[in-house]
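# An overview of the molecular structure
Residue-level listing of the chains:
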Amino acid sequence: MEKDLRSILKCVRCGTCRSVCPVFEEAGWESASSRGRMLIALGIHNGLEVDENVLNSLNMCTTCGLCEQMCPSGASPVQVVQDTRRKLMLKGRMTDAQLVLRDETTSKGNPLGETQYRHSWLGDIADIKKHAPYVFFVGCLGSYRYPELTRRTFDLLKKFDVTLIPEEVCCGSPLLRTGSDPDSLVSKNMEQIKKIGAHTIITGCAGCYTTLKNDYPGDLKVIHVSEFLAERLPEMDLKHLDLKVTYHDPCHLGRCNGVFDAPRKIITSICELKEMKSHHEQSRCCGAGGGVLKGYPDLSMALSKKRLEEIPEGVDYLVTSCPLCRTNLQRGGPKVEVIDILDLLKMAMK
Amino acid sequence: MLNVDLIEKMGNIVGTENISVASCELYCYSSDASQIRGMPEVVIKPRTTAQVSDIVRLAYEHNIPVTARGAGTGLSGGCVPLEGGIVLDMSGMNRIVEFDLDNLQVIVEPGIVQEKLNKALEPYGFFFPPDPGSSAMCTIGGLIANNGSGMRSVKYGTTRSYVLGLEIVMADGKIIKTGSKTMKTVAGYSLTDLFVGSEGTLGIITQAIIKVRALPKERSVIFASFKTPELAGKAVVKVLSSGIVPSACEILDSNIIRALNNYDPKLNLPQAGAILLFEVDGSEAEVKEGINLIVKACEDLASAIRTASDKKERDEIWAARRLAGAAISRLDPVRTRVYVGEDVGVPIKEIPKMLHKVDEISKEFDLPIMTYGHIGDGNLHTGMCIDMLSDEDWMKLNAAADKIHRTAIELGGTVTAEHGVGSARSEYMRLELGSALDVMITIKKALDPKGILNPGKMGV
Ligand SMILES: Cc1cc2nc3c(=O)[nH]c(=O)nc-3n(C[C@H](O)[C@H](O)[C@H](O)COP(=O)(O)OP(=O)(O)OC[C@H]3O[C@@H](n4cnc5c(N)ncnc54)[C@H](O)[C@@H]3O)c2cc1C
Ligand code: SF4
Ligand code: SF4
């Protein structure tokens, strides 16, 4: 309790975050800014009535972390938002979207409402080795929305002694971000990872990446597929492409975990890279994270459009390295096609 | 007071999407960056001068308090509605109405953020010089209302020097224009000057004619390290009396240095007792001469002097310096920076004495006080961090702040050099202003007879 309060009290209300929060930029009301959410968290502690507006304020945050990156006083607004969502959930205070996400994900093992076998994309089940040093954590979007990309990625990875989790379930990210309990999913994945004996988990999704790395027990080594492959470029015999592309840093991969170089290394070994208007630590959010795509699709779309305005002139593709970012950026109606970094890699393979 | 009927009328004026009575929204508008609190009854986001006028007229008819708000980064409770009523969130009126650069001016709405204005001016080779630490977030309206300034005020002066004219909605809803587009005018009392620094107590600013300056060709930054803040204070007096006018002259004490290195480890500032940051701008020759003069003036007092290597290093140090005040919260996980007693100003000659007194106060109350600020114009920020959950810390903090304020006044200084009086410092107005405060009260009564504009502020 005191720890939570201290964390809220770290905020000096300087408003630095207000000037960068993309959600505030859209909505214009204090309650939609990071500072507003910090205040509301304090308000709840002091007895502020929890109504629909409170829930909306807290749940409109994409957890992009830009506020935290810029916060001079070292406050952790994202953690405060997530903790407050959780606290309210435990008291039965939640939005419909939070409820649906929780129930779907815990009952079906994915937040998409899918019921078929997760690895249906896989041609030959025999490719799932019982023991291996590396595990490819596919993720829900990879499994159900981008099966073709996932198949190709795994075809590439399996040459390097990589296996899959046979009964993989959602990593738990959508639950953690929106205040629900991910424990049953975490244990199910963990048990299998232990059985496989892997020392490293590879994933192609920024949400899975940050969750596996920061919210799973023990110290799993987690790397993004771009990091894994960036180390193996010489073995892949790539051709140079006469293309110019730009790159969207997924918040939960870049800013929150510092993975900036590997995707760029892959891109620049294939073609020319022209950065978006904001990039690396300052990169704008695609607008999908933190349950916002599910709960506030219009807001999420507006955020996506803003990000797309940052595409530089004269590029052929917008490359990203997270299926959720890709999905939302595609929704925003981009002027160039949005592709995954593995798609670019495929184009360059002889 | 406010009732459903009135709220509906207000909604009709600004559109229902621009008005809120949601309790969490009101809560978010109940504070700025100071410790002052006050709950509004309604928050309104006007889009036009006509809307502001209609709302204020309605408020006037019904005796409802109206408090203007920019970005709420103020450090004096200026935008906090002490007596409830309406908060007018002006941040949505943020257009640049006219670029008139041949006349060295722009016309802006008050909600535009300082940095956004400067970004828009940069391609044309111009800038609006007052640069507070909060430039990335504070509005021009807030700066005008507080007569804010910043690191470059030692050379370029305060916001006041850049306001040629204003459009104001008066307490009864009437719209007036003050000043003109000319570089000078003596037609009538300088009402523009009256409204600059009036903290929303005399009228609501809805437009401003802002003078801009050509961007200097060159800038250079010098870091001078000293064993103690007092030695640094002496160096400042020496530099300024040597005839050079630096475009910035900032002091950072050892705790602030530690906080900044923590915020941005790339900075790698030397861990001295105090650092002075000087900036010189102008033509290449002027900058060269300025640097030489500063180095000469500091030589005997400083333990080390060096110049920033390039624009990148310069930009980084200024970006970090801007947020130094908040960054000191990082030094201790259980302590938070509290902006109280943080903005005194003293005559330049008294700077070393003030620094010495601050040190004594720090010892007396056993409370670390970190000093930084625009020392070149005598403005010192005294940063105190406390355990927000300790009553004893709060008591020490308030007592130390009170002593700092009184000391500044005793030295012929002021309790607020740039952050404004608001309600945080209104109790010192009589002491500092004497019977001049009565004149302020008379003006306030004449312009706002019902006392609806930002009541409870500035001691009026
Ligand atoms: C980290 C940090 C650093 C800072 N550094 C500096 C600094 O270096 N120099 C400095 O001067 N200040 C500094 N400040 C204080 C603050 O940013 C300034 O006082 C700023 O001018 C406030 O602008 P705002 O838009 O946030 O106004 P608010 O805080 O919203 O309001 C300030 C006052 O202006 C009035 N007001 C706002 N808009 C209008 C309007 N349209 N018409 C009439 N009245 C209006 C309000 O009623 C209130 O009295 C700093 C603050 C922070 C948090
Ligand atoms: S930047 Fe940090 S300290 Fe400033 S208002 Fe935001 S959360 Fe609070
Ligand atoms: S995490 Fe992103 S969306 Fe959420 S408050 Fe911070 S800046 Fe805004």
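Residues numbered from 1 in each chain as written. Chains lettered and ligands numbered in written order. Predicted model: local features only at pLDDT ≥ 70, side-chain atom pairs only at ≥ 80, totals over all residues. Heavy atoms only, no water.

For chain A, the helix and strand inventory stands at 18 helices and eight strands. Expressed as lengths along the three principal axes of its C-alpha atoms, the size of chain A is roughly 60 × 45 × 30 Å. Looking at the 350 residues of chain A, the share that counts as buried comes to 63%. Across chain A, every contact between residues at least 6 apart in sequence was considered, and the portion connecting residues at least 24 apart equals 72%. For chain A, the computed accessible surface area is about 13600 Å², with 50% contributed by carbon and sulfur atoms. Once the 46 positive and 44 negative side-chain charges of chain A are each reduced to a mean point, those two points are 1 Å apart. (Helix = DSSP H or I, 4+ residues; strand = E, 2+ residues; numbered from the N terminus. Buried < 20%, exposed > 50% of the residue type's maximum accessible area, 1.4 Å probe, protein only. Contact = heavy atoms within 4.5 Å. Areas by Shrake-Rupley, 256 points an atom, 1.4 Å probe, with all protein chains shown as cover. Lys, Arg positive; Asp, Glu negative; His and termini not counted. Charge placed at Lys NZ, Arg CZ, Asp CG, Glu CD.)

On to the nonpolar core. Core analysis: the largest hydrophobic core is formed by 73 residues, its most contacted members being Leu229, Leu344 and Leu345 of chain A. Looking at this core element by element, the count peaks at five residues for helix H18 (residues 341–348) of chain A. Two domains each put at least three residues into this core: domain 2 (125–230) and domain 3 (237–348) of chain A. The next biggest cluster of nonpolar side chains, apart from the first, holds 70 residues, and it includes Val87, Ile244, Val287 and Ile361 of chain B. (Core = buried A, V, L, I, M, F, W, Y, C linked by side-chain atoms within 4.5 Å. Domains from an automatic or database assignment.)

In this section: the site of ligand 1. All names here are of chain B. For ligand 1, the set of nearby residues contains 35 residues, the closest of which are Ala68, Gly70, Ser134, Thr139 and Ser149. For ligand 1, an oxygen atom lies 2.7 Å from a polar atom in the side chain of Thr73. A distance of 3.3 Å is found between an oxygen atom of ligand 1 and a side-chain nitrogen or oxygen belonging to His374. Computed on the free molecule, ligand 1 has an accessible area of 960 Å², of which 98% lies beneath the protein chains in the complex. Of all elements in the fold, only strand S3 (66–69), helix H5 (140–146) and strand S10 (204–211) reach the threshold of two or more residues within the shell around ligand 1. Looking at the shell around ligand 1, the element that brings in the most residues is H5, giving five residues. Looking at the shell around ligand 1 residue by residue, the classes come out as 14 nonpolar, 18 polar and three charged. (Near = heavy atom within 4 Å. Polar contact = N/O pair within 3.5 Å; in protein donor to acceptor, adjacent residues only side chain to side chain. Nonpolar A, V, L, I, M, F, W, Y, C, P; charged D, E, K, R; others polar.)

A word on the domain arrangement of chain B. Accessible area lost upon the coming together of the parts serves often as the stated size of an interface. Residues and elements named next belong to chain B. Split by domain assignment, chain B resolves into domain 1 (4–91), domain 2 (94–214), domain 3 (218–327) and domain 4 (332–418). Each of domain 2 and domain 3 has a C-alpha centre, and these two points are 28 Å apart. Of the roughly 1000 Å² buried where domain 2 meets domain 3, counting both sides, 53% is carbon and sulfur surface. Where domain 2 packs against domain 3, one counts three salt bridges. (Buried area = accessible area lost by both parts, 1.4 Å probe. Salt bridge = Lys/Arg side-chain N within 4 Å of Asp/Glu carboxyl O.)

Looking now at the interface of chain A and chain B. With 32 residues of chain A at the contact, the number on the chain B side is 44 residues. Buried surface at the junction of chain A and chain B, both sides included, amounts to about 2900 Å², of which 57% is carbon and sulfur. A per-residue breakdown of the area chain A buries against chain B is headed by Arg6, Arg13 and Trp29 of chain A, which together make up 24% of the total. The tally of links from chain A across to chain B stands at two salt bridges. Taking the shortest distance from any N to any O, the salt bridge between Glu30 of chain A and Arg69 of chain B comes out at 3.1 Å. Those elements that provide at least two residues to the side of chain A that touches chain B are helix H1 (2–9), helix H3 (34–45) and helix H4 (52–59) of chain A. With six residues, the single largest contributor to the side of chain A that touches chain B is H3 of chain A. Here the side of chain A that touches chain B is built from residues that sort into 13 nonpolar, 11 polar and eight charged.

This structure, assessed with the given rule, holds 54 salt bridges over all chains. With its nearest N and O atoms 2.7 Å apart, the salt bridge here joins Asp249 of chain A to Arg264 of chain A. On the criterion of sequence distance, the pair formed by Asp249 of chain A in the loop between strand S5 (244–248) and helix H14 (261–270) and Arg264 of chain A in helix H14 is long-range, its members being 15 residues apart. Between Arg306 of chain B and Glu313 of chain B there is a salt bridge, and its shortest N-O distance comes to 2.5 Å. Of the residues examined, Glu313 of chain B reaches a relative accessible area of 17% and is grouped as buried. One connected set of salt bridges, linked through shared partners, spans Asp131, Arg152, Lys155, Arg219, Glu279, Asp281 and Arg322 of chain B.

Taken together, the neighbourhood of ligand 2 is formed by Cys11, Val12, Arg13, Cys14, Gly15, Thr16, Cys17, Arg35, Cys71, Pro72 and Ser73 of chain A. In terms of residue class, the shell around ligand 2 is made up of six nonpolar, three polar and two charged.

So, on to the domain arrangement of chain A. All names here are of chain A. Assigned domains within chain A: domain 1 (2–94), domain 2 (125–230) and domain 3 (237–348). Its C-alpha centre places domain 1 at a distance of 30 Å from the equivalent point of domain 2. With both sides pooled, the region where domain 1 packs onto domain 2 buries about 510 Å², and carbon together with sulfur makes up 41% of that total. Together, Gln82, Arg86 and Met89 form the three largest contributors to the area buried by domain 1 at its contact with domain 2, with a combined 70%. Run the count over domain 1 and domain 2 and you get zero salt bridges. Put simply, domain 1 and domain 2 have three residue pairs in polar contact (both at pLDDT 80 or more) between them. Grouping the amino acids of the side of domain 1 that touches domain 2 by side-chain chemistry returns one nonpolar, two polar and two charged.

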